[in-house]
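# Reading the structure
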Amino acid sequence: MKAYPLFDVRVSTPKLELRGATDDLLDQLAEDVRAGKTHADPLPYDDPISLYEPDPDLRVAKWLQAIWRGRGRVEADAWRLYFVVVVDGQPVGMQDLCGVRFSTFGTFTTFSWLSADHRGRGLGREMRSAILHLGFDGLRAKEASSDAFVDNHSSNAISQALGYEPNGSDWDTRQGEPALLNRWRLTRENWQPHRRNDIQLHNLEACRTFLPLKDGQPDV
Ligand SMILES: CC(C)(COP(=O)(O)OP(=O)(O)OC[C@H]1O[C@@H](n2cnc3c(N)ncnc32)[C@H](O)[C@@H]1OP(=O)(O)O)[C@@H](O)C(=O)NCCC(=O)NCCS
């Protein structure tokens, strides 16, 4: 979409590509959301989230509305880039980068889900590596964070494997039930040894122009 260059930001790795979540790509992914392929047991998401809506059509509608709202919120302390994960031309999930007071602290967090048909083959780790590359290498971030319920073994395993350090715990609810979260923190220094030289960033100029990054911070 020519008029919105943030959609052209892309991250490619040997296994997958993160593409700006255009409505066309979201439409292709919607069947997985409708079919409940975003679900996992134990429940992985904290409340509130559209993905817990039981009615499939309403779930898709709420999911799209939440993404549209999130795209439209670009404020100094909060913005979010939504990416669709594409493997061999097929959309299989999402991987987002959320700037959290980025212009002050250089901090961001991430959110992801992968269609149940594509889990357990290393894609989750690959897409997290890709988004960290965008944050640290592309946007010159200082620190990334991640939260996962203590029983979300794959998310916690990915954080641990990629150099994050434990940063305490927190309570949240999932479908109304309290559950404990692990909090993780990855400094730029601890990311460096995990830096990959086979990940490519594309069209980053749009981030400099359209995101409230600190002046001169992104080296793009
Ligand atoms: C989280 C998610 C994106 C991970 O993707 P994935 O492709 O399944 O993960 P990977 O195959 O890359 O596996 C990552 C690690 O978790 C480990 N793992 C996976 N399932 C596990 C389990 N049940 N118990 C213990 N470890 C597990 C893998 O061995 C791997 O560790 P390794 O790299 O040290 O071998 C995916 O599972 C998902 O979409 N889950 C539902 C949504 C969700 O949890 N989102 C995150 C919210 S915080």
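Whatever comes next refers back to the structure up there.
Note that the coordinates shown come from a computational prediction; the quantities given were computed from them, not determined experimentally.

Our focus in this paragraph is the site of the ligand. For the ligand, the set of nearby residues contains 20 residues, the closest of which are S112, L114, G122, G124 and N152. With respect to the ligand, the backbone of R125 contributes an N or O atom lying 2.9 Å from an oxygen atom. Here the ligand loses 68% of its free accessible area of 940 Å² to cover by the protein chains. Secondary-structure elements contributing two or more residues to the shell around the ligand are β5 (107-114), α4 (123-138) and α5 (153-161). If one sorts the elements of the shell around the ligand by residue count, α5 sits on top with five residues. Residues of the shell around the ligand, tallied by class, amount to eight nonpolar, eight polar and four charged.

Let us now look at the pairing of strand β4 (residues 90-100). Counting buried positions over the eleven residues of β4 gives nine, a clear majority of the element. As paired elements, strand β3 (residues 78-87) and β4 share ten bridges and run antiparallel to each other. Each residue of the ladder has a partner; that of V84, found in β4, is M94. Counted between consecutive antiparallel strands, the loop separating β3 from β4 contains two residues, among which D88 sits at a positive phi close to 50°. In terms of strand pairing, β4 meets β5 through seven bridges, oriented antiparallel. What sits directly across from C98, in β5, is T109.

Once that is clear, we can look at the pattern of salt bridges. All chains considered together, the criterion is met by 14 salt bridges. The residue E17 makes a salt bridge to R10 at a minimum N-O spacing of 2.8 Å. The class for R10 is partly exposed, based on a relative accessible area of 27%. One salt bridge in this structure joins R34 and E31, with 3.0 Å as the shortest N-O distance. Placement of the pair is R34 and E31 together in helix α1 (residues 23-34), with a separation of three residues, close to one helical turn. Residue classification places R34 among the partly exposed positions, given a relative accessible area of 31%. Sharing partners across several salt bridges, the network here consists of R10, E17 and R19.

With that out of the way, let us pick up the side chain of Q95. With respect to the element layout, Q95 can be found in strand β4. A residue is classified by how much of its surface remains accessible, and Q95, at 0% relative accessible area, is buried. Side-chain polar atoms of Q95 contact the backbone oxygen of F111, separated by 3.3 Å. Other than its neighbours up to four places away in sequence, Q95 contacts L18, L81, Y82, F83, V85, T110, F111, S112, M127, R128 and I131.

Here we take up the nonpolar core. With 37 residues, the main nonpolar core has L18, L132, L134 and C207 as its most contacted residues. Secondary-structure elements contributing two or more residues to this core are β3, β4, β5, α4, β8 (177-187) and α7 (205-210). Per-element tally for this core: the top contributor is α4, with seven residues. C207 has contacts with L6, V9, L81, L139 and L213, leaving out every residue within four places of it along the chain. Judged by nonpolar contacts, the second largest core, of 18 residues, contains V33, W63, I67 and W113.

Right, let's get into a nonpolar patch on the surface. On the surface, a nonpolar cluster with roughly 300 Å² of combined accessible area is contributed by V150, W171 and L180. For V150, the location among the structural elements is in the loop between β6 (143-149) and α5. Since its relative accessible area comes to 40%, V150 is described here as partly exposed.

Two elements in contact, α4 and α5, have axes separated by 10 Å at closest approach and are oriented at 50°. With respect to α5, the element α4 is oriented oblique. Crossing angle aside, the handedness with which α4 passes α5 is right-handed. Here G124, R125 and R128 of α4 come into contact with α5, specifically with S155, I158, S159 and A161.

Calculation rules
- Residues numbered from 1 in each chain as written.
- Predicted model: local features only at pLDDT ≥ 70, side-chain atom pairs only at ≥ 80, totals over all residues.
- Heavy atoms only, no water.
- Near = heavy atom within 4 Å.
- Polar contact = N/O pair within 3.5 Å; in protein donor to acceptor, adjacent residues only side chain to side chain.
- Areas by Shrake-Rupley, 256 points an atom, 1.4 Å probe, with all protein chains shown as cover.
- Helix = DSSP H or I, 4+ residues; strand = E, 2+ residues; numbered from the N terminus.
- Nonpolar A, V, L, I, M, F, W, Y, C, P; charged D, E, K, R; others polar.
- Buried < 20%, exposed > 50% of the residue type's maximum accessible area, 1.4 Å probe, protein only.
- Pairing = 2+ DSSP bridges.
- Salt bridge = Lys/Arg side-chain N within 4 Å of Asp/Glu carboxyl O.
- Contact = heavy atoms within 4.5 Å.
- Core = buried A, V, L, I, M, F, W, Y, C linked by side-chain atoms within 4.5 Å.
- Patch = residues over 30% accessible without salt bridge, like charges linked within 9 Å, V, L, I, M, F, W, Y side chains within 5 Å.
- Axes fitted to C-alpha atoms, helices over the stretch in contact; angles between N-to-C directions.
- Parallel < 35°, antiparallel > 145°, perpendicular 65-115°, else oblique.
- Left-handed = near helix turned anticlockwise from the far one by under 90°.

Worth remembering: the numbers are spatial, not functional.
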